[in-house]
Amino acid sequence: MGLFRRSKKKKEALNDQDPVLRWMTVDEALAYSSGDTSVLEKAVGKIAYEYKIMARELSEKQEEIKQDYTLDTELLGDIKRFEMLPEKTRASIVDSARLIMNLGDERTRFQNKERKISGEQKRSMAQYDALLPEKLEEIRQKEEYLMLVEEDMRKLEGEKGIIAFERERAVEKRRFLGKFSAFVAAAALLIFILLLVLMKNGNDKLMPAFFVTGVAVIGFALYYFLSMKECAMVIHRCDISNNRALQLLNKVKIKYVNTSGTLQYMYEKYHVKGYSELKNTWEEYVHEKESEKMYASNTRLLAGYEQTLLDELHHAGFVHPQALVSEPEILFNRGEMQRYKESLEESRERLRTMLDDGMKQALELKKEVEDAKSRYPGCSKLFDSVYE
């Protein structure tokens, strides 16, 4: 320890046998050498003050170690006291400890549970808690209705395609008949002219052919007019059907826009992408809500069982029951109890060693104080104040 072996405070060391000179400045040492005793008293005062600080710190440290040593001893005593309890009392304490441990494990599982819904979704669910069951059904129905509307749109689009195809066929047929009738008329005229020329030259046998050609032309003309009328009717019917399909399609599109817009608003309102996600989110929210209720109930039960165990340990004479209430597994798990005891014994042994070392330091300090007191008898009062 040896405060007298410290280095000088300022300037340079003095080559003098008197150790108090190590606590003086050069000016103070020169003054002391000239016979100024007040300088000596001042230097010794510094030494005594240092001793006093060291003594107080050492005492405080020893007191703290003693308290820790006493605590470890009392905790070990509680363990021995538990082992010596009557079987019935120990069984009751063990049951309470198991209940506390199980409830604590449930709380830990809840706290560490992975949350499947975001905080924003949870707040939204809580905000519309009372309305959501009805809204869920409403959204489901709207999604089904939207699917029907989309199906109607597909059917109407398909119907429009069929109508357009049928009308195009009628237009093409009318165009073909127009071209073909011109060809037939030209051919019939040419045949009539040829037959008339041949008949004027005395070839009366061609008269039947003339009449057959005329009948064929009349028959084609009748077919032409009937076919053209049919094509006109088909085109007219297709136009009417197409207008009707367009009107229906516009109405269906309005329904689609309104329904999809309502659904999109609901999706944004509840922070989901569809009925399935909202249903899963709602179910998870309800589950979490029930879990939170159980957690609150668990907390109340845990507090009650901890108080019961605390009372039981108090009644059994335990000095520090709260330590065992905080670690209930020690009371029913032999391995944990053994580790707990070994830890306390190791800690107590370490503290015992520290106490012994502290006592040795205190004795050394006391010896130094006595040596300094005998060296400077005129300043004995300063050294007496070290342990005040």
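Conventions and cut-offs
- Residues numbered from 1 in each chain as written.
- Predicted model: local features only at pLDDT ≥ 70, side-chain atom pairs only at ≥ 80, totals over all residues.
- Heavy atoms only, no water.
- Helix = DSSP H or I, 4+ residues; strand = E, 2+ residues; numbered from the N terminus.
- Polar contact = N/O pair within 3.5 Å; in protein donor to acceptor, adjacent residues only side chain to side chain.
- 1 Å grid on protein atoms, 1.4 Å probe; cavity = no way out; pocket = protein on both sides within 12 Å on 5 of 7 lines; lining within 4 Å.
- Points joined across faces, edges and corners; volume = space filled by probe spheres on them.
- Nonpolar A, V, L, I, M, F, W, Y, C, P; charged D, E, K, R; others polar.
- Axes fitted to C-alpha atoms, helices over the stretch in contact; angles between N-to-C directions.
- Parallel < 35°, antiparallel > 145°, perpendicular 65-115°, else oblique.
- Contact = heavy atoms within 4.5 Å.
- Salt bridge = Lys/Arg side-chain N within 4 Å of Asp/Glu carboxyl O.
- Buried < 20%, exposed > 50% of the residue type's maximum accessible area, 1.4 Å probe, protein only.

Chemist: Give me the side chain of T281: which residues, what numbers.
Modeler: Positionally, T281 belongs in helix α7 (residues 275-315). Among the polar contacts listed, one links the side chain of T281 to the backbone oxygen of E277, at a separation of 2.7 Å.

Chemist: Please give an account of the layout of surface pockets that cites residues and values.
Modeler: Space inside the largest pocket adds up to approximately 300 Å³. For the largest pocket, the lining is made up of 15 residues, of which F82, R90, L331, R334 and M337 are closest to its centre. Listed by contribution, the elements that provide at least two residues to the lining of the largest pocket are α2 (37-83), α3 (87-112), α9 (329-332) and α10 (334-375). Looking at the lining of the largest pocket element by element, the count peaks at five residues for α3. Among the residues forming the lining of the largest pocket, the class breakdown is seven nonpolar, two polar and six charged. Considered as a void within the structure, the second largest pocket measures approximately 200 Å³ in volume. Lining the second largest pocket, in full, are E106, R107, R109, F110, K113, S291, M294, Y295 and N298. At the level of elements, α3 and α7 are the ones that each hand at least two residues to the lining of the second largest pocket. Here the residues of the lining of the second largest pocket sort into three nonpolar, two polar and four charged.

Chemist: Which residues make up the packing of helix α4 (residues 119-127) against α7, and what are the values?
Modeler: At their nearest, the axes of α4 and α7 sit 10 Å apart, and the two run at 85° to each other. By the angle class used here, α4 and α7 are roughly perpendicular. In this structure, α4 uses Q121, K122, M125 and A126 to contact α7, whose residues at the interface are E277, L278, T281, W282, Y285, E288 and E292. Residue composition of the contact of α4 with α7, grouped by class: five nonpolar, two polar and four charged.

Chemist: Mind laying out the pattern of salt bridges, listing which residues take part and the relevant values?
Modeler: Under the defined criterion, the tally for this structure stands at 14 salt bridges. Here E137 ties to R140 by a salt bridge, and the two come within 2.3 Å at their closest N and O atoms. Of this pair, E137 and R140 are both found in helix α5 (residues 132-200), three residues apart, which corresponds to roughly one turn of the helix. Of the charged contacts in the structure, one is a salt bridge between K279 and E283, with a shortest N-O distance of 2.8 Å. Taken together, the residues span about one helical turn, with K279 and E283 both in helix α7 at a distance of four residues. Note on K279: relative accessible area 31%, which makes it partly exposed.

The values are spatial; any link to function lies outside them.
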